[in-house]
Amino acid sequence: MDISKKEYEQTAKKYAGSSKMYITIPMAFLIGGLICCIGEFFLNMYQQLAGLDFDQASAYTSITLVFLSALFTGFGWYGRIAKHGGAGTLVPITGFANAVVSPALEFKTEGYVLGTGAKMFVIAGPVIVYGIAAAFIYGIIYYIYGFFS
Amino acid sequence: MAEYIKDGTIRLNNGASACSYAAAVGKMEGEGPLGECFDYISQGAELGEKTWEKAESKLQQYAFEIALSKGKLQKQDISVIFAGDLLNQCTGSAYGLRDSDTPFIGLYGACSTMAESLMLASLYADMRLGYYFAAITSSHFCSAERQFRFPINYGGVRPPTAQWTATASGCCITRSADKPPFIKAVTAGKITDMGVKDANNMGAAMAGAAYDSLSRHMENLKRTPDEYDGIFTGDLGQVGTDILHELFEKRGIDISRVHKDCGLMLYDREKQDVHAGGSGCGCSASVLCAHILPQIAEGKLHNVLFAATGALMSTTMSQQGESIPGISHVVEISDTL
């Protein structure tokens, strides 16, 4: 090979285009915002029509959004929306539901135990592990902080 | 008799003929610019099977059966099958051809496998180590996606440098030279690692290998790009194509006039959402069997280099932070002996 890795890297870098951020960021804002608006709608509805208090209504809202995301994933619609939504569909709780439901469905062909069961948290697993770890550390800091205030 | 020139290049002095070829593809590939050329276009990704892996095997089985029937051959006429795919342990081929009852040599060269299998099938034919030989490869978007990336319905976004694994399979049957297309020379690829680590930029990982194999092939046989009316690389996509052109330009060679990339030919990037282009063993295989070989047989193309490119990585090595080695094998095909 008559080309050095360094020279190659420079050539390769030149042609690796990046995402069109003037499209992707506004789209993430719009679609992510729309999901949050739907959440707000359910939150208000549960409080005003069902007479739940704020905490209860929040829990029901999360359950509703997770259910809808799972349903949309099952029909293959969530991925299609996510193609345009990007982080707007990834960050809300619906994105988390999609990350659990999609491998659960995908790996069903390997059986309910070794497929669905074993692979269900293959994407969401790290989020849960480090989410709990972060919460634990925060809890310790909060506990120590309590002695000084 | 095949003659070793140097540095991996072999000239087939008796020559081999690609006597029958067929391509079976998925719906999206059928809607692409080469849609009318394919022998079989599936209506759905499942092909009536319950798993993506079985669907891929079926596609490969179809390509083999159609190539046999187009050549008026029976499977007993085939002396050896050379086949490979992207799935772990090459199961796409093993399961697709398990009822073939024919000597089978499984190959792995990632997306370069079509050139690898055609190279071996041609050498066997040139040396008359049997009668007919089949070179077959396949890939399936869904089976590759779940093995290498994410579940189909996961809402992850792909970067612009990512390529789309083709749902396609191609089969080319070779025999000792009788009529065009003739396979005249081959060059085995070298494992070429240019230090690219981004698994979403396969074009960049493989362009160095394509450059190395193509320049070696032409140098060893004392040829220039002008002597060819088509240099077809496997699936470099847009990113890899741009890099390849620049690498040759730096040596004062312009290949952009004759160069085409199968990954860019299979899809319409304006209308079909494939980012940098197509990829997968079936991509170059289907373009070769449905477009390049028929064009040579009809006399529309005369001298062609077919250089399928592959990225020899696994998800494990990628996650361990290793760079991606590429490979590219070159097969020279012509309408005259």
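Because the structure is predicted, anything quoted here is derived from the model rather than measured.

Residues and elements named next belong to chain B. By domain assignment, chain B separates into domain 1 (16-176) and domain 2 (182-334). In this assembly, 50 residues from domain 1 lie in contact with 52 residues from domain 2. Of all the elements in the fold, those that place two or more residues in the side of domain 1 that touches domain 2 are strand 2 (9-25), helix 1 (27-30), strand 4 (78-85), helix 4 (113-126), strand 6 (132-139), helix 5 (141-148), strand 7 (164-165) and strand 8 (168-176). Here the side of domain 1 that touches domain 2 gets eight residues from one element, more than from any other, and that element is helix 4. In terms of residue class, the side of domain 1 that touches domain 2 is built from 29 nonpolar, 17 polar and four charged.

With that out of the way, let us pick up the interface of chain A and chain B. Across the contact, 30 residues belong to chain A and 26 residues belong to chain B. When contributions to the side of chain A that touches chain B are tallied by element, the ones reaching two or more residues are helix 1 (5-15), helix 4 (78-85), helix 5 (87-90) and helix 6 (93-106) of chain A. Ranked by residues supplied to the side of chain A that touches chain B, first place goes to helix 6 of chain A with seven residues. Partitioning the side of chain A that touches chain B into residue classes produces 13 nonpolar, 13 polar and four charged.

All names here are of chain B. Counting buried residues in strand 4 gives seven out of eight residues, a clear majority hidden from the surface. Pairing of strand 4 with strand 6, which is carried by seven bridges, proceeds in the parallel orientation. What sits directly across from Phe82, in strand 6, is Ala135. Summarising the sheet, strand 4 and strand 5 (residues 104-107) pair through four bridges and their orientation is parallel. Across the sheet, the residue bridging to Gly84 is Leu107, located in strand 5.

All names here are of chain B. The geometry of helix 6 (residues 202-220) relative to helix 7 (residues 237-250) is characterised by a closest axis approach of 8 Å and an angle of 35° between their N-to-C directions. Handedness of the helix 6/helix 7 crossing: right-handed. Across from Gly203, Ala204, Met206, Ala207, Ala210 and Tyr211 in helix 6, the residues of helix 7 making contact are Gly237, Val239, Gly240, Ile243, Leu244, Leu247 and Phe248.

With that settled, the discussion passes to helix 2 (residues 52-70) of chain B. End to end, helix 2 of chain B covers 27 Å across 19 residues, agreeing with the expected 27 Å (1.5 Å per residue, within 8%). The buried fraction of helix 2 of chain B amounts to 16 of the 19 residues, a majority that puts the element mostly inside the structure.

The subject of this paragraph is helix 4 of chain B. Residue and element names in this part refer to chain B. Here helix 4 is 14 residues long and its end C-alpha atoms lie 20 Å apart, about the 20 Å a rise of 1.5 Å per residue gives. The element helix 4 is extensively covered by neighbouring structure, given that 13 of its 14 residues are classed as buried. Count one or two residues on from helix 4 and you reach Arg128, which has phi positive near 55°.

As a further point, take the nonpolar core. Core analysis: the biggest nonpolar cluster contains 116 residues, and Ala63(B), Ala134(B), Cys171(B) and Phe306(B) have the highest contact counts within it. Leave out the neighbours within four places in its chain, and Phe306(B) touches Ala115(B), Phe232(B), Leu288(B), Ile292(B), Val331(B) and Ile333(B). In terms of nonpolar packing, the next biggest core, distinct from the first, is built from seven residues, Ala99(A), Val101(A), Ala104(A) and Leu105(A) among them.

Here the focus is the environment of Val239(B). Mapped onto the elements, Val239(B) comes out in helix 7. Expressed as a C-alpha distance, the spacing of Val239(B) and Glu116(B), which sit 123 residues apart in the sequence, is 23 Å. Each residue touching Val239(B), except ones within four places of it in the same chain, is listed here: Tyr15(A), Ala16(A), Thr161(B), Asn201(B), Gly203(B), Ala204(B) and Ala276(B).

This part covers the pairing of strand 2 of chain B. Residues and elements named next belong to chain B. With 13 of 17 residues buried, strand 2 is to be regarded as a mostly interior element. Across three bridges, strand 1 (residues 2-4) lies against strand 2 in antiparallel orientation. When the sheet's bridge partners are listed, Glu3 is paired in strand 2 with Arg11. Here strand 1 hands over to strand 2 after four residues, with Asp7 in that stretch at a positive phi of 50°. Here five bridges tie strand 2 to strand 9 (residues 182-187), and the two strands are oriented antiparallel to one another. Note that in strand 9 the partner of Ser17 across the bridge is Phe182.

Cut-offs and rules
- Residues numbered from 1 in each chain as written.
- Chains lettered and ligands numbered in written order.
- Predicted model: local features only at pLDDT ≥ 70, side-chain atom pairs only at ≥ 80, totals over all residues.
- Domains from an automatic or database assignment.
- Contact = placed C-beta atoms within 7 Å.
- Helix = DSSP H or I, 4+ residues; strand = E, 2+ residues; numbered from the N terminus.
- Nonpolar A, V, L, I, M, F, W, Y, C, P; charged D, E, K, R; others polar.
- Buried ≥ 20, exposed ≤ 12 C-beta atoms within 10 Å, placed from the backbone.
- Pairing = 2+ DSSP bridges.
- Axes fitted to C-alpha atoms, helices over the stretch in contact; angles between N-to-C directions.
- Left-handed = near helix turned anticlockwise from the far one by under 90°.
- Expected span 1.5 Å × (residues − 1).
- Core = buried A, V, L, I, M, F, W, Y, C linked by C-beta atoms within 7 Å.

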